[in-house]
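A structural walkthrough
So the chains spell out like this:
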Amino acid sequence: AQSVTQPDIHITVSEGASLELRCNYSYGATPYLFWYVQSPGQGLQLLLKYFSGDTLVQGIKGFEAEFKRSQSSFNLRKPSVHWSDAAEYFCAVGPLLSGSARQLTFGSGTQLTVLP
Amino acid sequence: DAGVTQSPTHLIKTRGQQVTLRCSPKSGHDTVSWYQQALGQGPQFIFQYYEEEERQRGNFPDRFSGHQFPNYSSELNVNALLLGDSALYLCASSPPARDPGDEQFFGPGTRLTVL
């Protein structure tokens, strides 16, 4: 069965500092990997996704993530955090290869606090 | 484009009651998935509807049921509510199947409180 671990429940960074949110996955094949962001009272917004190819993926809002097969990781990074980035971040692993339904398995999330 | 819409926004029920939550998918999308997000947790997959049929189901009891209508909108029904059913219920829609990794668009959710 697929699973996702986000080891950091809560991270606090100062505005302008760099950010890295960790994500480890367990999956039987090449995964589809996603990062979503959730602000209070909002649904989930997709930041970026990885299917294949270049292991460094660029997303919206200046975020990027690197897929490392050897470490089963897909960490999210941002070089300079803005106060508006304060939110909860979820890593998710996607469905199997073509023909399967789109069932996402999410990690438990990392709450990001940004200090002025 | 209105995106994915859900109603109601909030709902309060008592134990043993039944509840129906509604979802309208993004324009052009034909697949609807439902997720339960308990406080402090990530969303958990309940089930998915395509062509008016339940295509896949997560680890949820039969008290959770759903329906998809010809216009692709969907309902989630929960019977015999338990306190543990209190959660944010998220609906997500996906476009006609081209790649299983196609982005799912999420609605803002319905916050269900069971007293």
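Residues Leu19(A), Trp35(A), Leu47(A), Leu48(A), Phe74(A), Leu76(A) and Tyr89(A) are the most contacted members of the largest nonpolar core, which totals 27 residues. At the level of elements, β2 (10-14), β3 (19-21), β5 (33-38), β6 (44-50), β8 (64-68), β9 (73-78), β10 (87-93) and β12 (110-115) of chain A are the ones that each hand at least two residues to this core. No other element matches the four residues that β10(A) contributes to this core. Setting aside chain neighbours within four positions, we find Leu47(A) in contact with Trp35(A), Tyr36(A), Val37(A), Gly59(A), Ile60(A), Lys61(A), Phe63(A), Leu76(A) and Tyr89(A). Membership of the second largest hydrophobic core comes to 20 residues, among which are Trp34(B), Val78(B), Cys91(B) and Leu112(B).

With that out of the way, let us pick up the sheet that holds strand β1 (residues 5-7) of chain B. All names here are of chain B. Within the open sheet, the four strands sit side by side as β1-β3-β8-β7. Their pairing is antiparallel. Each edge of the sheet is formed by a strand with only one pairing partner; in this case those strands are β1 and β7 (64-68). On average, each strand axis in the sheet is tilted by 20° relative to the strand beside it, whichever way the strands run. Examined bridge by bridge, β1 and strand β3 (residues 19-24) share three bridges and lie antiparallel to one another. Bridge assignment links Gln6 to a residue of β3, and that residue is Cys23.

Following the criterion strictly, the structure yields seven salt bridges over all chains and no others. Arg77(A) is the salt-bridge partner of Glu66(A), the closest N and O atoms lying 3.1 Å from each other. Pair noted here: Glu66(A) is in strand β8 and Arg77(A) is in strand β9, with a separation of 11 residues, a long-range link. Since its relative accessible area comes to 23%, Glu66(A) is described here as partly exposed. With relative accessibility at 23%, the residue Arg77(A) sits in the partly exposed group. Of the charged contacts, one joins Glu54(B) and Arg57(B) as a salt bridge, the two residues approaching to 3.1 Å between their closest N and O atoms. Its relative accessible area of 35% is what places Glu54(B) among the partly exposed residues.

Thresholds applied
Residues numbered from 1 in each chain as written. Chains lettered and ligands numbered in written order. Predicted model: local features only at pLDDT ≥ 70, side-chain atom pairs only at ≥ 80, totals over all residues. Heavy atoms only, no water. Core = buried A, V, L, I, M, F, W, Y, C linked by side-chain atoms within 4.5 Å. Buried < 20%, exposed > 50% of the residue type's maximum accessible area, 1.4 Å probe, protein only. Helix = DSSP H or I, 4+ residues; strand = E, 2+ residues; numbered from the N terminus. Contact = heavy atoms within 4.5 Å. Pairing = 2+ DSSP bridges. Axes fitted to C-alpha atoms, helices over the stretch in contact; angles between N-to-C directions. Salt bridge = Lys/Arg side-chain N within 4 Å of Asp/Glu carboxyl O.

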